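Listed below are the residues making up each chain.
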Amino acid sequence: MARDPRDLKRLAEELASLSPEDRARVMAEIRHRHAARPLPKSFRPPLLKASGGRWIGGDLRRESLYGDDGR
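A few points on the structure. (Residues numbered from 1 in each chain as written. Predicted model: local features only at pLDDT ≥ 70, side-chain atom pairs only at ≥ 80, totals over all residues. Heavy atoms only, no water.)

The secondary structure content of the chain amounts to three helices and two strands. Counting only residues that meet the buried cut, the chain has 0% of its 71 residues in that class. Of the roughly 7200 Å² that the chain leaves accessible, carbon and sulfur atoms contribute 57%. (Helix = DSSP H or I, 4+ residues; strand = E, 2+ residues; numbered from the N terminus. Buried < 20%, exposed > 50% of the residue type's maximum accessible area, 1.4 Å probe, protein only. Areas by Shrake-Rupley, 256 points an atom, 1.4 Å probe, with all protein chains shown as cover.)

This is the structure we're talking about:
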């Protein structure tokens, strides 16, 4: 992890200097490591609540939630 903005800049420059194939390999490794990281024991998924009680499913798109009033 970059602890200093200069480190982050250096890492970005190194990534940009890689060939497309090597860059793809690095990005795949990052995705793999991120996906394989276990969740903390204290993690609890968020619960969706509404004034009418618990959410039992349904569409959560903006248009469905707010209608067509421009929000």
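A surface patch of nonpolar side chains, about 300 Å² in accessible area, is lined by Leu60, Leu65 and Tyr66. Note on placement: Tyr66 falls in helix H3 (residues 62-66). (Patch = residues over 30% accessible without salt bridge, like charges linked within 9 Å, V, L, I, M, F, W, Y side chains within 5 Å. Salt bridge = Lys/Arg side-chain N within 4 Å of Asp/Glu carboxyl O.)

Now for the pattern of salt bridges. Tallied over the entire structure, the rule returns four salt bridges. One salt bridge in this structure joins Asp22 and Arg25, with 2.2 Å as the shortest N-O distance. With Asp22 and Arg25 both in helix H2 (residues 20-36) and three residues apart, the pair spans about one turn of that helix. Its relative accessible area of 54% is what places Arg25 among the exposed residues.

So, on to the environment of Val26. In this structure, Val26 sits in helix H2. Along the chain, Val26 and Leu15 lie eleven residues apart, while their C-alpha atoms are 8.3 Å from each other. Ignoring any residue separated from it by four or fewer positions in sequence, one finds Val26 in contact with Leu15 and Leu18. (Contact = heavy atoms within 4.5 Å.)

Geometric values such as these leave the question of function open.
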